[in-house]
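# Tertiary structure, described
Here is how the chains run, residue by residue.
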Amino acid sequence: MEKIVTDICIIGAGPVGLFAVFEAGLLKMRCHLVDALPQIGGQLSEIYPQKPIYDIPGYPEVKAQDLVDRLMEQIAPFHPTFTLGERVDSVEKQTDGSFIVTTNEKTEITCQVIVIAGGLGCFEPRKPEIEHLEEFEGKGVVYMVKNPELFRDRRIVLAGGGDSALDWTLFLSNVAKEVTLVHRGETFRGAPDSAEKVFELAHQGKINLLLKSNVVAINGNGHLNTVSISGKDNAITTLTADHLIPLFGLTPKLGPIADWGLTIDKSAISVNTEDYSTNVERIYAIGDINTYPGKLKLILCGFHEAALMAQSAFKYVYPNQKLSFKYTTVNGVNAF
Amino acid sequence: MIQFTIEDRNGERQSIEAPDDMNLSLMEVLKASEYDILATCGGMALCATCHVQVLQGNDLLPQPSDMELDMLDTLPNATNHSRLACQLRISEAMQGSIFQIAGELQ
Ligand SMILES: Cc1cc2nc3c(=O)[nH]c(=O)nc-3n(C[C@H](O)[C@H](O)[C@H](O)COP(=O)(O)OP(=O)(O)OC[C@H]3O[C@@H](n4cnc5c(N)ncnc54)[C@H](O)[C@@H]3O)c2cc1C
Ligand code: FES
């Protein structure tokens, strides 16, 4: 269990969370960022890394991933720290006004101010509609292959038709005892080379390939035991399986943020546009996650919100100091 | 004007008229008609939150592009009648079709 102490805990390492480090850094406030994804960059890195963006001032055109890289360069002098691949689950206020922010991996961050820059929420695996699916999560059903060794000599059913379904089918065919890939379509797009290899393995009888098929039911006693698949002509086949791995990509969900006592309006946090504070003192919400009359979900708007947030958060981090506004052109960027 | 029917998440159907000379997508028409769809990516076939099932008229619609099919492949509940509303331009081919809204809502 890791314990971190910082001035501001920023939830979400998308472009807005990253830029908030810069604005806070100018005022000598230290930041720790937490993101559920294993990489920084939020939607830009997860959804559209290679797409050009045209509405960032000073950049007639910039690729999403390049913008993230430049933001990292811009905030480097302030030495932000990161916890990646962990989701913030709970927020607890201490008697002295500070917070303890806890992740799903039990990392604890003690901070004076929380800035929620959670965008559209946590990217979570898309789940198929199968009865009892949640009961078997962690008991045979997993949505991500973190350690392939866990599947050694096991019977695995993978579901999905994208690149990760193909890649893991190929990889696990060398590790698992039995691999079945279930795909609703008849062909695979994605990397033609991987698709070809999957068809070849199926041809050699090294994997089971069930096309035009869907997983319709799972069963077991305490742990997954069987997976039922509906195939052509709706015939049902039931396979013995130790693991089901549905691989249907990620989708953002508001997740635990909804339970922190904040005023939420249609999956977004209501804020005061003077400083982007929420209804809970010392908690701010900036970027795509907030809402107010006239809100635009643009990176540019999130950057503006970060600047105003930092000016307001200063009073909690330095209660005995008066803040006087200075341009960076006058003072430069003074790192810690 | 092209006329087609939308079935919302509650199963209620409503007839809609949309112009076919403005290069509008079905997603844009759904948003303009205040249907609850996220369309997170703004119509770039990157989010699949504008997923619709074509209940009637599927055969007449233009074939989906590879990009659209790639995205549909990431949906656990997609069927052979699934389309991304943002990739469907309002056209004569839609006359009389029935679309059911199927995208995720959070
Ligand atoms: C295809 C596409 C094209 C776009 N093009 C443009 C454009 O050209 N110009 C423009 O200005 N905008 C564009 N946008 C919108 C832009 O991407 C968003 O406005 C921007 O990403 C918002 O940044 P953010 O930092 O608020 O949130 P995000 O980028 O969504 O980042 C939020 C991060 O918070 C994390 N998170 C959430 N909850 C938790 C939690 N509980 N614990 C840990 N981590 C959490 C998430 O994992 C995520 O990484 C586009 C969006 C899309 C999808
Ligand atoms: S709006 Fe995102 S895929 Fe259609």
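Residues numbered from 1 in each chain as written. Chains lettered and ligands numbered in written order. Predicted model: local features only at pLDDT ≥ 70, side-chain atom pairs only at ≥ 80, totals over all residues. Heavy atoms only, no water.

## Thoughts on the domain arrangement of chain A
As far as domains go, chain A holds domain 1 (3–124 + 251–331) and domain 2 (127–248). Taking the mean C-alpha position of each, domain 1 of chain A and domain 2 of chain A sit 37 Å from one another. (Domains from an automatic or database assignment.)

## Considering the packing of helix α1 (residues 15–26) of chain A against helix α3 (residues 64–75) of chain A
Residue and element names in this part refer to chain A. It is the contact of α1 with α3, at a shortest axis distance of 9 Å, that shows an interaxial angle of 20 degrees. As the angle between them shows, α1 and α3 are arranged roughly parallel. Crossing geometry of α1 relative to α3 is assigned as left-handed. For the pair α1 and α3, the contacting residues are Pro 15, Leu 18, Phe 19, Val 21 and Phe 22 in the first and Val 68, Leu 71, Met 72, Gln 74 and Ile 75 in the second. Tallied by class, residues from the contact of α1 with α3 come to nine nonpolar, one polar and no charged. (Axes fitted to C-alpha atoms, helices over the stretch in contact; angles between N-to-C directions. Helix = DSSP H or I, 4+ residues; strand = E, 2+ residues; numbered from the N terminus. Parallel < 35°, antiparallel > 145°, perpendicular 65-115°, else oblique. Left-handed = near helix turned anticlockwise from the far one by under 90°. Contact = heavy atoms within 4.5 Å. Nonpolar A, V, L, I, M, F, W, Y, C, P; charged D, E, K, R; others polar.)

## Digging into α3(A)
All names here are of chain A. The first and last C-alpha atoms of α3 sit 17 Å apart over twelve residues, in line with the 16 Å expected at 1.5 Å per residue. Turning to α3, its buried residues number three or more, namely Ala 64, Leu 67, Val 68, Leu 71 and Ile 75. Around the axis of α3, the buried residues are gathered within 100 degrees of arc, so they sit on the same side. Lining the buried residues of α3 we find α1, α2 (42–46), β4 (52–53), β5 (62–63) and α6 (299–317). (Expected span 1.5 Å × (residues − 1). Buried < 20%, exposed > 50% of the residue type's maximum accessible area, 1.4 Å probe, protein only. Arc of directions from axis to C-beta.)

## Some remarks on the UniProt feature "binding site: FAD" (unreviewed entry) in chain A
All names here are of chain A. Look at the UniProt record and you will see "binding site: FAD" (unreviewed entry) annotated at Asp 35, Gln 43, Tyr 48, Val 88, Phe 123, Asp 288 and Thr 329. A stretch of 295 residues holds the annotated residues, and the largest C-alpha distance among them is 37.9 Å, long enough that they do not meet in one place. Tracing the backbone shows Asp 35 in strand β3 (residues 31–35). A residue is classified by how much of its surface remains accessible, and Asp 35, at 9% relative accessible area, is buried. With residues near it in sequence (within four places) discarded, Asp 35 still touches Gly 12, Ala 13, Gly 14, Thr 83, Leu 84, Gly 85 and Glu 86. Residue placement: Val 88 occurs in strand β7 (residues 88–93). Setting aside anything within four residues of it in sequence, one finds Val 88 in contact with Ile 11, Val 34, Val 101, Thr 102, Thr 103, Pro 256 and Trp 260. (UniProt positions renumbered as here; feature names shortened; annotations may be inferred.)

## Quick notes on the pairing of β3(A)
Regular strands have side chains that alternate between both faces of the sheet. Residues and elements named next belong to chain A. When you tally the buried positions in β3, you get five out of five residues, the bulk of the element. Neither face of β3 is open: one carries Cys 31, Leu 33 and Asp 35, the other His 32 and Val 34, and all of them are buried. Note that the unit made of strand β2 (residues 8–11), α1 and β3 has a crossover that is right-handed. The sheet contact formed by β3 and strand β6 (residues 81–84) spans four bridges and is parallel. When the bridges of β6 are listed, His 32 appears paired with Thr 81. (Right-handed = clockwise from strand over helix to strand, strands pointing away. Pairing = 2+ DSSP bridges.)

## Regarding the UniProt feature "domain: FAD/NAD(P)-binding" (unreviewed entry) in chain A
Cross-referencing UniProt, the feature "domain: FAD/NAD(P)-binding" (unreviewed entry) maps to residues 7–293 of chain A in the present numbering. The span residues 7–293 of chain A carries 18% helix and 32% strand; its end-to-end C-alpha distance comes to 30 Å.

## With respect to the side chain of Ser277(A)
Residues and elements named next belong to chain A. Locating Ser 277 in the fold gives a position in the loop between β21 (268–270) and β22 (283–285). Judged by its relative accessible area of 15%, Ser 277 is buried. Look past the residues within four positions of Ser 277 in its chain and what remains in contact with it is Ser 270, Val 271, Asn 272, Ile 283 and Tyr 284.

## Focus on the sheet that holds strand β17 (residues 236–240) of chain A
Residue and element names in this part refer to chain A. If you trace the three strands from one edge of the open sheet to the other, you get β15-β16-β17, paired in antiparallel fashion. Whereas interior strands pair on both sides, the edge strands pair on one side only; in this sheet they are β15 (214–220) and β17. For this sheet the average axis-to-axis angle between neighbouring strands, irrespective of direction, equals 25 degrees.

## Some details on the pattern of salt bridges
Throughout the structure, instances matching the rule amount to 14 salt bridges over all chains. Arg184(A) serves as the salt-bridge partner of Asp73(B), at 3.3 Å between the closest nitrogen and oxygen. Taken as a pair, Asp73(B) in the loop between α2 (66–72) and β4 (82–84) and Arg184(A) in the loop between β13 (178–183) and α5 (192–203) lie in two separate chains rather than in one. You can call Asp73(B) buried: its relative accessible area is 4%. According to the relative accessible area criterion, Arg184(A) is buried, its value standing at 16%. Sharing partners across several salt bridges, the network here consists of Arg126(A), Lys253(A) and Glu104(B). (Salt bridge = Lys/Arg side-chain N within 4 Å of Asp/Glu carboxyl O.)

## Describing the sheet that holds β7(A)
All names here are of chain A. On the basis of which strands lie adjacent, the open sheet formed by four strands has the order β1-β9-β8-β7 and mixed pairing. Among the strands making up the open sheet, the edge pair consists of β1 (3–5) and β7. Here the strands of the sheet are splayed against their neighbours by 20 degrees on average, with no regard to which way each runs. Pairing of β7 with strand β8 (residues 99–103) involves five bridges; the strand directions are antiparallel. Within the sheet, the bridge partner assigned to Lys 93 lies in β8 and is Phe 99.

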